[in-house]
Amino acid sequence: MSAVLVRRPGLSRIRATGSPLHLLCLGLVALVVLAALLAPWVVPQDPNAVDLGNALAGPSAAHPLGVDAAGRDTLSRLLLGARTSLLGPLGVVAFSTVAGIAIGMAAAWRGGWLDSVLSRSTELVFAFPGMLLAILIISVYGEGLLAPVIALAVAYLPYVSRLTRSLVLAERTRPYVSAYQVQGHSAVQICLRHVLPNIAPVVLAQSTINFGYALMDLAGLSFLGLGVPALTPDWGRMVFDGQTAIQHGYPLSAILPCVFIVLTVVAFNVVGERWADRVARRTP
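All of these numbers come straight from a predicted model, not from anything done at the bench.

J.: How do you make sense of the nonpolar core when you look at a structure like this?
T.: As a rule of thumb, soluble globular proteins bury nonpolar side chains together. Membership of the largest hydrophobic core comes to 21 residues, with the highest contact counts inside it found for L86, F211, L215, W235 and I261. Of all the elements in the fold, those that place two or more residues in this core are α2 (20-42), α3 (74-110), α8 (187-223), α9 (235-241) and α11 (252-282). Considering every element that reaches this core, the biggest residue donor is α11, with 7 residues. Residues within four places of L215 in sequence aside, it is in contact with S85, L86, P89, I261, T264 and V265.

See the structure below:
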């Protein structure tokens, strides 16, 4: 039984270019990434320059977004904080995606006891909260970016591996796989050269969504004082440092990084879901 996809003629152009919300979020993602790349050259002030005599001052010509409780320029810390705030999630997504693809592909292709062992192992990781794992690792190795990135990457790995496993199981039934096996191609060659390119768009769409969640989790750890060191510009750390300013009636230095975190997470999620939806519509 075949399914027929009927498209409304008036919506073809809209779907090709994307909805206004998708385009807005895509532009926001581009701006945040550009700010992270160019931040060291475009920051107006030294982000770590302390000026206690000017602490909690409002917006001015020298400081367009004001300063925090230590007298540091808020705009400079926001721009340079984009680099740290995006670098951590990038490490989480890169490790979890590569390892998840390898585990999911091996489980689906080999099957048998290997599939059972890998599947049960990922289910155990599912049962353990990623934030709790990150806190435990940080308590052993101390503050920094590496420990929470590794912990969250392990926590996000099952999402990618289970998705990869289901996709590879579907691809194994395709005629082209049998044809390559008859021709004598090895399992590694078939998986890397032919199966992986077919499943990559779906996996990358999931990884884009994971990026937003990883950004939020790392910001939460920094807010708890368990992430990056105190002097490192980071959005989550800025919210943590801004608690003092809120108590004194100057919430701007804490509200602005919160806004940046929320908008960036939403933008990455919208872009990832849009990409996944587009891939699903194109898949027969």
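Having seen the structure, we can now continue with the description.
J.: Can you help me understand the pattern of salt bridges in this one?
T.: Opposite charge on two side chains permits them to pair, given that their charged atoms come into close proximity. The final tally for this structure, using the stated rule, is 5 salt bridges. A salt bridge links E171 to R174; the shortest N-O distance between them is 3.9 Å. When the shortest N-O distance is used, the salt bridge between D241 and R237 registers 3.8 Å. Here R237 and D241 lie together in helix α9, a separation of 4 residues that amounts to about one turn. Classification of D241 by relative accessible area gives partly exposed; the value is 22%. Classification of R237 as buried rests on a relative accessible area of 8%. One continuous salt-bridge network, built from bridges that share partners, spans D68, R72, R237 and D241.

J.: Is there a simple way to think about the side chain of T164 in this case?
T.: Note on placement: T164 falls in helix α6 (residues 146-171). Its relative accessible area of 0% is what places T164 among the buried residues. A distance of 2.8 Å separates the side chain of T164 from the backbone oxygen of V160, its partner in a polar contact. If we skip the residues at most four places from it in the chain, T164 touches G100, I101, G104, M105, I199 and V203.

Procedures and definitions
Residues numbered from 1 in each chain as written. Predicted model: local features only at pLDDT ≥ 70, side-chain atom pairs only at ≥ 80, totals over all residues. Heavy atoms only, no water. Core = buried A, V, L, I, M, F, W, Y, C linked by side-chain atoms within 4.5 Å. Buried < 20%, exposed > 50% of the residue type's maximum accessible area, 1.4 Å probe, protein only. Helix = DSSP H or I, 4+ residues; strand = E, 2+ residues; numbered from the N terminus. Contact = heavy atoms within 4.5 Å. Salt bridge = Lys/Arg side-chain N within 4 Å of Asp/Glu carboxyl O. Polar contact = N/O pair within 3.5 Å; in protein donor to acceptor, adjacent residues only side chain to side chain.

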